[in-house]
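Chains, contacts and geometry: an overview
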Amino acid sequence: MLLVHAHPDDESIVTGATMAKYAAEGAAVTLVTCTLGERGEVIPADLADLAIGRSGGLGEHRIGELAKACAALGVDDHRFLGGPGRYRDSGMMGDPGNDDPGCFWRADLDAAALELAQIVREVRPDVMITYDDNGDYGHPDHIQAHRVALRAFGRAGERAVPGAPWHTRKLYAVARPRSVLAESVRRLGEESGPFAPPADVGDIAPGVPDALVTSRVDGSAHWAAKAMAMRAHATQISVSGERFALSNGIRQEIDAVEYYTLLRGPSRRRGDGYETDLFE
């Protein structure tokens, strides 16, 4: 399994339970992160000087956070696309970082896809995971990660080793079903405690129509690993018990059941409408 994520922490928030589950079951899990997340907002006051516009150094710091998160998830193969710092964090859509010629949003699509395709040819994954064409919630780097992964998925087999035909069989996008988000918002609104409750689904993510969701991975047995990985990203995530918040302070659930949309490859959906094993 090979996952393509935009920044450190993305892997833990939306695919952490999936990664931990398959790693524990003996699958080879490779994580490719496209930027260091240099433009992320820093939550802890004692680390505020790491932020852009102050002393800097957030990207280097997040390399260490990501290493701890991968260890918590049982994943020992992690790479930065093109090497650490090859592509810089673009910031949110409309951020000045979007205009940085070295940012991932501005990267040459063919060149970045070739770099990823080289990793795919080496790892030879049966399954790849990235984002949908909206990047899950519209972040430029997430959108670009989708484009790069889609192109690499198609091109990785073009130069396969002679006599050893191979291609990645399935490509998935992270999916957060709107009905699941709506139910989560209802529960969170009835709670008291740390962080502010979300007012509606949009406070968490736009979500995708339920009809587009093809696959459901139950990683409940690995909830603790996911929570530990999220705690490792201390600059970006505040964790309290079974809840967490990003820099906006909005309460979210740490959910070990994760959903996907199959973009390419054969489907094996069950009676409830979902695949339950991404390798089927």
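Residues numbered from 1 in each chain as written. Predicted model: local features only at pLDDT ≥ 70, side-chain atom pairs only at ≥ 80, totals over all residues. Heavy atoms only, no water.

What counts here: UniProt positions are given in the numbering used here, feature names are shortened, and annotations may be inferred rather than shown by experiment.
As named in an unreviewed UniProt entry, the protein is 1D-myo-inositol 2-acetamido-2-deoxy-alpha-D-glucopyranoside deacetylase, taken from Murinocardiopsis flavida. Taken from UniProt, the Catalytic activity (unreviewed entry) comment for the protein reads in full: "1D-myo-inositol 2-acetamido-2-deoxy-alpha-D-glucopyranoside + H2O = 1D-myo-inositol 2-amino-2-deoxy-alpha-D-glucopyranoside + acetate".

**Considering the packing of aromatic side chains**
Two aromatic rings, taken as a pair, are described by how far apart their centres are and by the angle between their planes. Here is the rule we go by: Here a Phe, Tyr or Trp ring, Trp counted by its six-membered ring, pairs with any other such ring whose centre lies within 6.5 Å, and the pair is stacked when the planes are under 30 degrees apart, edge-to-face when over 60, and tilted otherwise. In this description a helix means any DSSP run of H or I spanning at least four residues, a strand means any run of E spanning at least two, and both kinds are numbered starting from the N terminus. Here's how the labels work: a residue is buried when its accessible area is under 20% of the maximum for its type, exposed when over 50%, partly exposed in between, all with a 1.4 Å probe on protein chains only. Put simply, a charge is over a ring when the Lys NZ or the Arg CZ is close to the ring centre, within 6 Å, and near the line of the ring normal, within 35 degrees.
Within this structure, the stated rule accounts for four aromatic pairs. Centroid distance Tyr 172 to Tyr 260: 6.3 Å. Interplanar angle 70°. Geometry classified as edge-to-face. With Tyr 172 in strand β5 (residues 170-175) and Tyr 260 in strand β10 (residues 257-264), this residue pair connects regions lying 88 residues apart in the sequence. Each member of the pair Tyr 172 and Tyr 260 is classed as buried. If you follow Lys 21 out to its NZ or CZ, it ends over the ring of Tyr 22, 5.5 Å from the centre.

**Details of the layout of surface pockets**
What counts here: Of the two site types, the cavity is a set of points on a 1 Å grid over the protein atoms alone where a 1.4 Å probe fits but cannot get out, and the pocket is an open set with protein on both sides within 12 Å along at least five of seven lines, each lined by residues with an atom within 4 Å of a point. Grid points are joined across faces, edges and corners, and a volume is the space filled by probe spheres set on the points. Throughout, the ten residues Ala, Val, Leu, Ile, Met, Phe, Trp, Tyr, Cys and Pro are labelled nonpolar, Asp, Glu, Lys and Arg are labelled charged, and all others, Gly among them, are labelled polar.
By volume, the largest pocket is sized at about 740 Å³. Breaking the lining of the largest pocket down by element, the ones donating at least two residues are α1 (10-24) and α4 (135-138). Counting residues per element, the lining of the largest pocket draws most heavily on α1, which supplies three residues. Partitioning the lining of the largest pocket into residue classes produces 10 nonpolar, 10 polar and 10 charged.

**A closer look at the side chain of Ser 12**
To be explicit about the condition: Two residues form a contact once any of their heavy atoms are found within 4.5 Å.
Looking at where Ser 12 falls in the secondary structure, it is placed in helix α1. When its relative accessible area of 0% is taken as the criterion, Ser 12 is described as buried. Excluding its chain neighbours within four sequence positions, the residues that come into contact with Ser 12 are Ala 69, Leu 73, Lys 226, Ala 229, Met 230 and His 233.

**Remarks on the sheet that holds strand β7 (residues 238-240)**
Quick note on the threshold: Think of it this way: DSSP has to see at least two bridges between two strands before they count as a pair.
With antiparallel pairing, the three strands of this open sheet are ordered in space as β7-β8-β9. Where the open sheet ends on each side, the last strands, each with one partner, are β7 and β9 (252-253). Alignment of strand β8 (residues 243-245) against β9, held across two bridges, turns out to be antiparallel. Each bridged residue has a counterpart across the sheet, and for Phe 244 the counterpart in β9 is Gln 252.

**Observations regarding unusual backbone geometry**
The backbone phi angle of Asp 9 is positive, close to 105°, even though this residue is not glycine. For Asp 9, the position within the fold is in the loop between β1 (2-5) and α1. By relative accessible area, Asp 9 is classed as buried at 7%. Positive phi, normally seen in glycine, also occurs at Phe 195, with a value near 70°. Within the secondary structure, Phe 195 sits in the loop between α6 (178-189) and β6 (215-218). Overall, the relative accessible area of 24% leaves Phe 195 in the partly exposed class.

**Focus on the UniProt feature "binding site: Zn(2+)" (unreviewed entry) in the protein**
The UniProt entry lists His 7, Asp 10 and His 142 under the feature "binding site: Zn(2+)" (unreviewed entry), expressed in the numbering used here. What stands out for the annotated residues spanning 136 residues is how close their C-alpha atoms remain, the widest pair being 9.5 Å apart. Of the annotated positions named here, the largest pocket is lined by His 7, Asp 10 and His 142. Within the secondary structure, Asp 10 sits in helix α1. Asp 10 sits in the buried class, given a relative accessible area of 9%. Setting aside chain neighbours within four positions, we find Asp 10 in contact with His 5, Thr 15, Tyr 131 and His 142. When you line up the elements, His 142 lands in helix α5 (residues 140-155). Accessibility expressed as a relative area gives 2% for His 142, which makes it buried. With residues near it in sequence (within four places) discarded, His 142 still touches Ala 6, His 7, Asp 10, Tyr 131, Gly 135 and Tyr 137.

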